[in-house]
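# Working through the structure, step by step
In case you want the letters, here they are:
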Amino acid sequence: MNTWAMLRVTMGALAICDLQVAAQNLGAPNGHLILQVRLYDLAHVPSQTLDRALQETANILAAAGVQVLWQTGEAGSPEGRTVDYSFRAHRDDRAFVAVRMVRGVPATVPPRALGFALPFAQDGVHVTMFYDRIEELARSASPGAAKILGNALAHELGHVLLGSGQHSRDGIMKAVWSQADFQHLAIRHLEFEPGEAAALSEEVARRAALVGLVLMKWIAGPPTTGGVRPSAEQRAARPIGSR
């Protein structure tokens, strides 16, 4: 068996696994769509804090009908260090959303911003979170770093999935959270508005459909230069936070 034939067999096995994810998106038992999020922790967030924050984010999206499949980005991957500020008329065709946690805030970022989103990024990360700012805020806000990070990450993912930098008057997509909001999320996470949840589902379904399309292209012929292949972390990824 030649190398490409062997690769086709291997990729076929991987395709079955990932196409099962796509199939679940069409009718998951809990009625939730599945969103793949690739995470690059460049800030080295304490593991317990990060786990609790991702659980919080997953619970927020679960309330909007979306189940999160967390993936660990490969260490040293250029994707986790690339920021694409160019504006495009359409969103990218990656089947996942890429997120990074960093320390150090560029001078161009507004003073109170905990992170930012690039809904139309074609390369690199879609979301950047400033963990040092979250740590600083947690010293004066009762919810703690995990709660703040989890809700702030859900907010930025909301921008990506809604394809907009706009904010709402209430809920998790507010531009500025008040003291009352922080008191609320200390008890229970903030939520997406019903209209926002519906729009989120549409975009998650679009990205989920790309899983099958991309893998079928891989099986049909040799991968093109620069193609992204499923990593060991992706194959081992598992959904968390569904309710």
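Look up: the structure comes first, before these words.
The structure reproduced in this document is the subject of the present report.

The rules we used
- Residues numbered from 1 in each chain as written.
- Predicted model: local features only at pLDDT ≥ 70, side-chain atom pairs only at ≥ 80, totals over all residues.
- Heavy atoms only, no water.
- Phe/Tyr/Trp six-rings, centres within 6.5 Å; stacked < 30°, edge-to-face > 60°.
- Helix = DSSP H or I, 4+ residues; strand = E, 2+ residues; numbered from the N terminus.
- Buried < 20%, exposed > 50% of the residue type's maximum accessible area, 1.4 Å probe, protein only.
- Lys NZ or Arg CZ within 6 Å of the ring centre and 35° of its normal.
- Axes fitted to C-alpha atoms, helices over the stretch in contact; angles between N-to-C directions.
- Parallel < 35°, antiparallel > 145°, perpendicular 65-115°, else oblique.
- Contact = heavy atoms within 4.5 Å.
- Nonpolar A, V, L, I, M, F, W, Y, C, P; charged D, E, K, R; others polar.
- Polar contact = N/O pair within 3.5 Å; in protein donor to acceptor, adjacent residues only side chain to side chain.
- Salt bridge = Lys/Arg side-chain N within 4 Å of Asp/Glu carboxyl O.
- Core = buried A, V, L, I, M, F, W, Y, C linked by side-chain atoms within 4.5 Å.
- Left-handed = near helix turned anticlockwise from the far one by under 90°.

### Overview of the packing of aromatic side chains
Given two aromatic rings, their pairing is described by the distance between the two centres and the angle made by the two planes. Under the counting rule described, the total for this entry stands at three aromatic pairs. Ring centres 6.2 Å apart and planes at 20° place the aromatic pair Tyr85 and Phe116 in the stacked group. One end of the pair, Tyr85, is in the loop between β2 (66–72) and β3 (96–102); the other, Phe116, is in strand β4 (residues 115–117), with 31 residues separating them in the sequence. In this structure Tyr85 comes out as exposed when scored by relative accessible area, which is 59%. On the basis of relative accessibility, which here comes to 18%, the residue Phe116 falls in the buried class. Consider the rings of Trp177 and Phe182, whose centres lie 6.0 Å apart with planes at 75°: the pair is edge-to-face. Across this residue pair, the class does not change: Trp177 and Phe182 are buried. Through pairs of rings, three or more aromatic residues link up here, namely Tyr85, Phe116 and Phe130. In this structure, Arg38 is placed above the aromatic ring of Phe96, and the distance from its NZ or CZ to the ring centre is 3.8 Å.

### Here we look at the packing of helix α4 (residues 145–162) against helix α5 (residues 179–187)
Contact pair α4 / α5: the axes reach a minimum separation of 10 Å and the direction vectors enclose 105°. Taken together, the axis directions place α4 and α5 in an arrangement best described as roughly perpendicular. Across the interface between the two elements, Lys147, Ile148 and Asn151 of α4 pack against Phe182, Leu185, Ala186 and Ile187 of α5. Class assignment for the residues of the contact of α4 with α5 results in five nonpolar, one polar and one charged.

### Let's talk about the side chain of Arg207
Considering the arrangement of structural elements, one finds Arg207 in helix α6 (residues 194–220). For Arg207, the side chain forms a polar contact with the side chain of Glu203, separated by 3.0 Å. Not counting residues within four places of it along the chain, the set of residues in contact with Arg207 comprises Arg91, Asp92, Arg94, Ala95, Phe96, Val97, His126 and Val160.

### Remarks on the pattern of salt bridges
Applying the stated criterion to the full structure yields twelve salt bridges. Residue Asp92 pairs with Arg94 through a salt bridge whose shortest N-O separation is 2.6 Å. Here Asp92 falls in the buried class, since its relative accessible area comes to 1%. Salt bridges sharing common partners tie together Arg38, Glu79, Arg91, Asp92, Asp93, Arg94, Glu203, Arg206 and Arg207.

### What about the nonpolar core?
Generally speaking, soluble globular proteins have nonpolar side chains that are buried together. With 46 residues, the main nonpolar core has Met101 and Leu153 as its most contacted residues. Residue contacts for Met101: discarding those within four places in its chain leaves Leu39, Tyr40, Asp41, Leu42, Ala43, Val45, Leu50, Met129, Leu149 and Leu153. Among the nonpolar cores identified, the runner-up in size contains seven residues, and Val102, Val109, Ala113 and Ala121 belong to it.

### Quick notes on the packing of helix α3 (residues 131–138) against α4
Between α3 and α4, whose axes approach to 9 Å, the crossing angle comes to 130°. Relative to α4, α3 is oriented oblique. For α3 against α4, the interelement crossing comes out right-handed. Contacts between α3 and α4 involve Tyr131, Ile134, Leu137 and Ala138 on the former and, on the latter, Ala145, Ile148 and Leu149. Class assignment of the residues belonging to the contact of α3 with α4 gives a composition of seven nonpolar, no polar and no charged.

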